[in-house]
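# Breakdown of the fold
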Amino acid sequence: MAATKPTTDRALDATPNLERRLSGLRRSLALFVTARGLGLALMVLVAWSAFAFVADFHLGVPRPIRIAHGVLLVALPLVVLWRLGLGLLGRLPDRRGLAAMLERSHSSNDLFTSATDFQLEGQHLSPASKPLVERTLCSADEAAAKLGPKLLVLDGRRPLAQLAGGLVALALGLGLAASQPEHTRIFADRLFGGSAGWPQLTFLTLDVPLDTGVEREGDLIRVRLARGEDLPISVLAEGQVPSAVELDFEDGTQRRLPLIGKQNRTGTFGTTLRSVASDLVFTATGGDDERRMQRVEVQVMTPPDLLGLALTVTPPAYSGLPKRVLFDRDIEVLAGSLVEIQAQVEPAGATGSVRLLPEDRVLDLEPGSFPTEAAPDSLGFTITPERSLRFRFELVDEDGLVNPDPGLWSVKVTEDRAPRFELASPSSLTLETTSAGVLPLAYFIEDDFGVESARLLVARRSASADTEPTPWPLELLPLDLAASPQTRDRSVYGFAALRLAELAGEELEDGAGLSLELEARDTRAGEPNVGRSATLTVRVLGPEDYMRRVQDRLSSVRRRASELYDLQVEKQQRTAELSEVLLEEGAELTTALRLDLAAAATGQRRVAADASALTRELAILVGDVLHARIDPEADRQLEQLDLLLAATTERRFDPVLWQTLVSHHQRGRLGAAGFAGHLIDILGLGLDLSETSAPTARAALDRTEELGSFEDLVLGLDDARARQAENLVAIDALLERLAEWDNFQSVLSLTRTLLERQKAVEQRTRDLATQ
């Protein structure tokens, strides 16, 4: 059967049941299309209305844009309704399309489409096919009649849901509009070109929190500000607190203010404009408050300022310091100095005060003259500071302007310190001696401006109680005789050999003690400063106890000398090893070898230092024994030592002094001496060790560090070994003499024991004879 294009879509009269089914399907399809278009159009209407409302309410869009929003509010839903709804009704399928849809959902083997085609193309069929056509039409109509009441062809849930969504959106929009009729009215008026304003939610109040220089006239705030001064700005937001507040300046710039505090429906925004240098005009906006009603006009004025500073310092008369004038700087003065401070300021009529810190005391500035040749007018004050302070000028001119950010100036006060002591003798703060002993007191005193006097405070110490200190005047000599009279008394020294019996006022028993303290006064007027030394304790021992202490100290010296000998042997062996390395074939002056040479030199320096310490200990022992007067034959040696101590100005151990004593003793100029003479001889060996052999060996090894050739190094190391051997001989001689002292002391102890036993036998004999 040939297919031809139908010319019309007419009713299917031959199959009334099929016609009824197709008409119902067409109506359902038109309904769903209309529902979809209407639902989407309502959604667009509500959504665009919400957008236009929010944009206008929060942003305050201009009138042309509002009109455009109104036009789109009408146009957009109509376009959506036409394009997605009503416009599609003319494109619904005809009866052939509807029959095909019915076929696909009910699987009738093209029965419905064939019946539809036969009726729409009946005039084109041949007479021979008429019986077949009639049977087909009859079967199709019967099949259409058997279809259920519900055609399972279309799923209308989605378009109906879209319609329902549109209706719900419309209902919500109408509900919101009804709940806010005033807003709805304003929105409708503004949407179509009206000029009605929205109700204001945010209200800003601009303020300048300054105590002076602010005038308020209605909404205008005039501020007179000194140049360089900071300008605090505060904005109070009431109602709906915005997220930010902007300052709009007259020159077009803006500044965002941070939120610094919020409570309920009130927020505070603020900032500080630092060092304002030019006039300003600004307003504040934020949230929906665009009124700019309040206006701040800032007039920057030239404030009073400090042009120059002069500080005249007059030290106390006792200090001997000259008067001085300093300009534009911090100063350091002696306590009690008179300080006159003059400030040259502008403008000329400015007044003010000065604030002293940290006590926060305020002094009025008095008119004066600036200490220059022109002597211009100035403002000043006078103080006598006893402690360090800072000060700043607080100026104000005739217009009430103050100097912004005044600088701080400082006056550092140096205290007049009390005199300071340094004891050169005795060597320690605890002295053990005998009742016949002498206290060798060598002292150095320093003061900032001069020592007036010094004395020794002596107090008896006992198990029951201590006596009141007794003053003992001390002689003072200037250390520097070439110094000026004003500075000669700043560093003084003195020496005194004081017998303990004279200090105590009586002979001291064994076990007694003295407590001594040096006291010095300076030349400060009024209340002089008093300085005191550390307390010196003197303990009185019996001859036997004292000799045991001497023996213990000598044993310590011998042990240290033995350790020194072992150390020198070790260093000599190291020097020999270095010599052997240099003599090996192919030896080179490497960095490692140089380091070994440096280590050897360092080791020999240690030997020399230990030798000096050993000699110093021997010298202290000799001095203590001589001043203890345990050896009655050594008075001339004691006198010579005191003369040497009184003449020296060395504060540390002076080998020359002790070499002089040893030299005079060994030449017989001081006469014979008992065991004290033996000690002086031992000291002579120690001085030979520390001042001759040990420094020579050290210098020999030091020279090897500067040598560059193998030959020179070999010769230098050989010389160093020879000098180390000489040092070993010196140490060995000292050890032998210390060993002889031990034997000497053993003989003395044995003799003393025999004499005591002999006295005991004689006493028993006398006792028996009297019976």
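First, a word on scope: everything that follows refers to the structure included in this document. (Residues numbered from 1 in each chain as written. Predicted model: local features only at pLDDT ≥ 70, side-chain atom pairs only at ≥ 80, totals over all residues. Heavy atoms only, no water.)

## A look at the sheet that holds strand E26 (residues 477–478)
With respect to topology, 4 strands assemble into an open sheet ordered E21-E23-E27-E26, the strand pairing being antiparallel. Here the strands that pair on one side only, and so sit at the sheet edges, are strand E21 (420–425) and E26. Here E26 runs beside strand E27 (residues 491–499); their pairing, made up of 2 bridges, is antiparallel. Note that in E27 the partner of Pro478 across the bridge is Val492. Sheet strands touched by helix H11 (residues 635–647): strand E23 (438–446) and E27. Its angle to E27, the strand with the most contacts, is close to 165°. (Pairing = 2+ DSSP bridges. Helix = DSSP H or I, 4+ residues; strand = E, 2+ residues; numbered from the N terminus. Contact = heavy atoms within 4.5 Å. Axes fitted to C-alpha atoms, helices over the stretch in contact; angles between N-to-C directions.)

## Examining the nonpolar core
The nonpolar side chains of a soluble globular protein tend to be buried, and buried together. Core analysis: the largest hydrophobic core is formed by 50 residues, its most contacted members being Leu554, Val625, Leu626, Trp658, Leu683, Leu689 and Leu734. Looking at this core, the elements that each hand over two or more residues are E23, helix H9 (543–583), helix H10 (591–628), H11, helix H12 (655–666), helix H13 (675–704) and helix H14 (710–770). Element by element, the count of residues in this core is highest for H10, at 11 residues. Contacts of Leu689, omitting those with residues within four sequence positions, involve Leu564, Ala611, Leu614, Ala694, Pro695, Asn727, Ala730, Ile731 and Leu734. (Core = buried A, V, L, I, M, F, W, Y, C linked by side-chain atoms within 4.5 Å. Buried < 20%, exposed > 50% of the residue type's maximum accessible area, 1.4 Å probe, protein only.)

## Some thoughts on the packing of H10 against H13
Direction vectors running N to C along H10 and H13 enclose 165°, while the axes themselves pass 9 Å from each other. Judged by the angle between their axes, H10 and H13 are roughly antiparallel. Our pair here, H10 against H13, has a crossing hand that is left-handed. Looking at the contact of H10 with H13 residue by residue, the class counts come to 22 nonpolar, 6 polar and 4 charged. (Parallel < 35°, antiparallel > 145°, perpendicular 65-115°, else oblique. Left-handed = near helix turned anticlockwise from the far one by under 90°. Nonpolar A, V, L, I, M, F, W, Y, C, P; charged D, E, K, R; others polar.)

## Quick word on the packing of H12 against H13
Where H12 contacts H13, the two axes come as close as 9 Å, and the packing angle between them is 130°. On the basis of their axis angle, the class for H12 and H13 is oblique. Of the two possible hands of crossing, H12 and H13 adopt the one that is left-handed. Contacts between H12 and H13 pair Pro655, Trp658, Gln659, Val662, His665 and Gln666 from the former with Gly677, Ile680, Asp681, Leu683, Gly684, Leu687 and Glu691 from the latter. Residue classes in the contact of H12 with H13 are distributed as 6 nonpolar, 5 polar and 2 charged.

## A short note on the sheet that holds strand E2 (residues 214–217)
The strand order across the open sheet built from 6 strands is E2-E3-E10-E9-E5-E6, with neighbouring strands paired in mixed fashion. Of all the strands in the sheet, the pair left with one neighbour each is E2 and strand E6 (254–257). The mean angle between the axes of side-by-side strands here comes to 25°, regardless of whether they run parallel or antiparallel. Two elements, strand E5 (residues 245–249) and strand E9 (residues 280–286), share 5 bridges in a ladder whose sense is antiparallel. Looking across to E9, one finds that Glu246 is bridged to Thr285.

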